Structure formats: C-alpha cells, structure tokens
Amino acid sequence: MVSSTPLTHSSGHSRFKTVLWLSLGFTALFVFITSEALLVTDYPMYHAYRLQVIADRHLLIPHALSGLIALLAGPIQFSSRLRQRHLKFHRVLGRTYVISVFIGAFTGIALAAGRPGLPGTSMQAAAWIVCTTAAVITARNRQIVQHRQWMARSYAVTFTFVSSRVLNLWPRYWSHLGDALAAVGVIAFTLVSLLVVDIGLNWRELTTRRA
Ligand code: HEM
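Residue numbers restart at each chain and count upward from 1, following the sequence in its written direction. Given that this is a predicted model, residues contribute local features only at a pLDDT of at least 70 and side-chain atom pairs are listed and counted only at 80 or more, while totals for whole chains, interfaces and linings are drawn from all residues. To get the side-chain values, take all heavy atoms of the structure and skip hydrogens and water.

1. Looking at the overall build of the chain
Only DSSP runs of H or I covering at least 4 residues are called helices, and only runs of E covering at least 2 are called strands; the numbering of each starts at the N terminus. A count of helices and strands for the chain gives 11 helices and 0 strands. Counting from the amino terminus, the chain carries its helices and strands in the arrangement α-α-α-α-α-α-α-α-α-α-α. Each principal axis of the C-alpha distribution contributes one length, and for the chain these read about 60 × 35 × 30 Å. By the burial criterion, 29% of the 211 residues in the chain qualify as buried. Residue-level accessible areas treat just the shown protein chains as cover; the underlying method is Shrake-Rupley with a 1.4 Å probe. Accessible area for the chain stands at about 13700 Å²; split by element, carbon and sulfur atoms hold 70% of it. Counting rule for charge: Lys and Arg are taken as positive, Asp and Glu as negative, and neither His nor the chain ends is counted. Note that the charge is assigned to NZ on lysines, CZ on arginines, CG on aspartates and CD on glutamates. One way to put it: in the chain the 20 positive side-chain charges average out to a point 17 Å from where the 6 negative ones average out. Type-normalised accessible area, obtained with a 1.4 Å probe on protein chains alone, sets the label of each residue: buried when under 20%, exposed when over 50%, and partly exposed for intermediate values.

2. Some thoughts on the coordination of the iron atom of the ligand
The sole protein-derived ligand of the iron atom of the ligand is His63 (NE2), positioned 2.0 Å away. Position of His63 among the secondary structure elements: in helix H3 (residues 57-77). For Na, K and Ca the donor cutoff is 3.2 Å, while for all other metals N, O and S atoms count as donors only within 2.8 Å; water does not appear among the atoms, so some sites may look incomplete.

3. Looking at the side chain of Lys17
Within the secondary structure layout, Lys17 lies in helix H1 (residues 4-40). The term salt bridge refers to a side-chain nitrogen of Lys or Arg lying within 4 Å of a carboxyl oxygen of Asp or Glu. Despite being buried, Lys17 has no salt bridge partner; Glu205 is the closest side chain of opposite charge, sitting 16 Å away. Non-local contacts of Lys17, meaning those with residues more than four positions away in its chain, are made with Phe78, Ser80 and Arg148. The contact definition used throughout considers only heavy atoms, calling two residues in contact when any of these lie within 4.5 Å.

4. Some thoughts on the packing of helix H6 (residues 118-140) against helix H7 (residues 144-158)
For helices, the fitted line uses only the C-alpha atoms of the stretch in contact; every axis is such a line through C-alpha atoms, and the angle between N-to-C directions lies from 0 to 180 degrees. One can describe the packing of H6 onto H7 by two numbers: an axis separation of 8 Å at closest approach and a directional angle of 160°. When the axes of H6 and H7 are compared, the pair comes out roughly antiparallel. The handedness of the crossing between H6 and H7 comes out as left-handed. Contacts between H6 and H7 involve Gln124, Ala127, Trp128, Cys131, Thr132, Ala134, Ala135, Thr138 and Ala139 on the former and, on the latter, Gln146, His147, Trp150, Met151, Arg153, Ser154, Val157 and Thr158. Every angle not falling under 35 degrees, over 145, or within 65 to 115 is termed oblique; those three ranges are roughly parallel, roughly antiparallel and roughly perpendicular. Put simply, a crossing is left-handed when the front helix is turned counterclockwise from the back one by less than a right angle, and right-handed when it is turned clockwise.

5. A short note on the site of the ligand
Any residue with a heavy atom positioned within 4 Å of a molecule or strand is treated as near that molecule or strand. Looking at the ligand, there are 21 residues lining it, with Glu36, Tyr49, Gln52, His63 and Arg165 nearest. Glu36 has a polar side-chain atom sitting 2.7 Å from an oxygen atom of the ligand. For the ligand, an oxygen atom lies 2.3 Å from a polar atom in the side chain of Tyr49. Of all the secondary structure elements, the ones that give two or more residues to the shell around the ligand are H1, helix H2 (47-55), H3, helix H5 (87-112) and H6. For the shell around the ligand, the leading source of residues is H3, giving 6 residues. Polar contacts here mean pairs of N or O atoms no more than 3.5 Å apart (in protein, one a potential hydrogen donor and the other a potential acceptor; neighbouring residues in sequence count only if both atoms are side-chain atoms).

6. Remarks on H6
Helices are assigned an expected span. That span is 1.5 Å times one less than the residue count. Here H6 is 23 residues long and its end C-alpha atoms lie 32 Å apart, about the 33 Å a rise of 1.5 Å per residue gives. Listed in full, the buried residues belonging to H6 are Gly120, Thr121, Ala125, Ala127, Trp128, Ile129, Cys131, Thr132, Ala134, Ala135 and Thr138. Where H6 is buried, its residues meet H5, H7 and helix H10 (179-201). One or two positions beyond H6, positive phi appears at Arg142, with a value near 55°.

7. Focus: a positive patch on the surface
Patches here: salt-bridge-free residues with over 30% relative accessible area, like charges joined within 9 Å, nonpolar side chains (Val, Leu, Ile, Met, Phe, Trp, Tyr) joined within 5 Å. A cluster of basic residues, Arg91, Arg95, Arg140 and Arg142, forms a positive patch at the surface. Of note, Arg140 is situated in helix H6. For Arg140, a relative accessible area of 67% corresponds to the exposed category.

8. Comments concerning the environment of Leu51
Summarising the element assignment, Leu51 is placed in helix H2. You can call Leu51 partly exposed: its relative accessible area is 49%. Between the alpha carbons of Leu51 and Leu93 there is a distance of 34 Å; along the sequence they are 42 residues apart.

9. Some words on a nonpolar patch on the surface
On the surface, Leu22, Phe26, Leu29 and Ile33 cluster together into a nonpolar patch covering about 430 Å² of accessible area. Following the sequence through the fold, Leu29 ends up in helix H1.

If you want it as structure tokens, here you go:
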C-alpha cells in the first residue's frame, strides 16, 4: 500500500500532463483555423484587420515566427523524458525559446506603438520578459524546481496568444469590444493565465492539510 502511493501519484500526474497538453494543442489548432487561416483567406469580418496586418508585415513576420517558435518549443521543453535523455538539446532549445520570447515581446510592443493597444501589450510583454528572465536566472543558479515554475509562468504568457483569440469568431467579441476594453482584456488574459498556473503549481498545498 505504501509503495503504491508514489506510483499512483506519478501515473496520475503523467495522465494529467497528457490531457493538459492535448487540450492546449486542440485549442491552438482551433485558433489557428478560426483566426489565422481565416485571416489569410480574407474572411469578411477580419477584412479591416487584414489590411492592418499586411501594412505591419515587416514587424509581424519576425514577431509571428518568434512567437510560433516559443509556442512550439514549450511542450518539448516540459517533457521530463526528453530533458533527462537529451539535456544538451533541452539547453539549446531553451536558449532558442528565450531569444524568441525577447524578439516576440519587443516586436509586439513595436507593433502596438502609437495605438490604443499599447498599455495592454506592454503589460503582456513585461510579464513575458520578467517570467522568462526569472526562468533563465533560476536555471543558471541550478534552482531547478523554481526554474520549472518560472518556465510554466512564461509559457502561460506565450499561450495568451491562443487564449485571447478563442472567441474571435464571435462577432460581438471581435467588433464591439472597443479599444479600452480590448487593452483591459489583454491584461486580464495575462493575469488569469498566470493565476491558473500558480494555482496548478500549488494544487497539492491547496488541497491537502499537513499532518
Ligand atoms: C505564441 C506567441 C505569439 C504568436 C505566435 C504571435 C503571432 C502573432 C500574429 C500571427 C499576429 C497577427 C495576426 C493576429 O493578430 O492573429 C500577431 C499580432 C500581434 N501580436 Fe502576437 N504573437 C504571439 C504572442 C504575442 C505576445 C505575448 C504579445 C505581447 C507582447 C504580442 C503582441 C502582438 C501585437 C501587438 C499584435 C498586433 C495586434 C494588432 O495590431 O491589433 N503577441 N501576433
């Protein structure tokens, strides 16, 4: 009985991880189809935004590419098996993730410069940079538990690209939000993402009482 507890816990944990990554993957796929593919094919509701995206292409191409690298690197970096077997690859991909986050954040701010979305984007970019920098520092200090926690927070901000677009097809969300609410929305998505991760990281402490 005693020896089965950790085994049950670890198999439950890995099942949870699988379900979590599958859910995130399907949500990302849904958003890429309903936002990005429809933007490319000139879906009428997105037409005005499409013109803006085309005008911004010089900043948007490095921004979207670096964001995509960060988004795809996440699930690979969180794989315990891959980390244990290929530590060097984990380090190389980790550096690529960090560079991508910095490029994504600064090009994101540049894209929003002079527009009403600047305060929201700046907060989002600041959270992205702070969490990623803390993950780098804790890795350098060999504080591996904290490194994983900061990486989870950093990836939560990376994932706001997806979560903030889930409702895009809903016309009321897309066109009636207004500039101020849209900026508040970006900050809210960032804050909620970070809170959800922190609740997850403290789940055991929140649900079990110490003997
Ligand atoms: C997974 C990470 C990310 C990816 C793949 C990504 C990709 C893109 C793409 C493809 C666009 C243009 C099409 C669209 O809006 O759907 C875009 C727009 C934009 N992104 Fe990102 N992005 C990411 C994260 C971020 C983050 C964290 C920020 C904040 C610093 C940000 C700031 C912006 C801004 C300001 C725009 C222009 C929005 C507008 O003009 O209304 N992005 N991004």
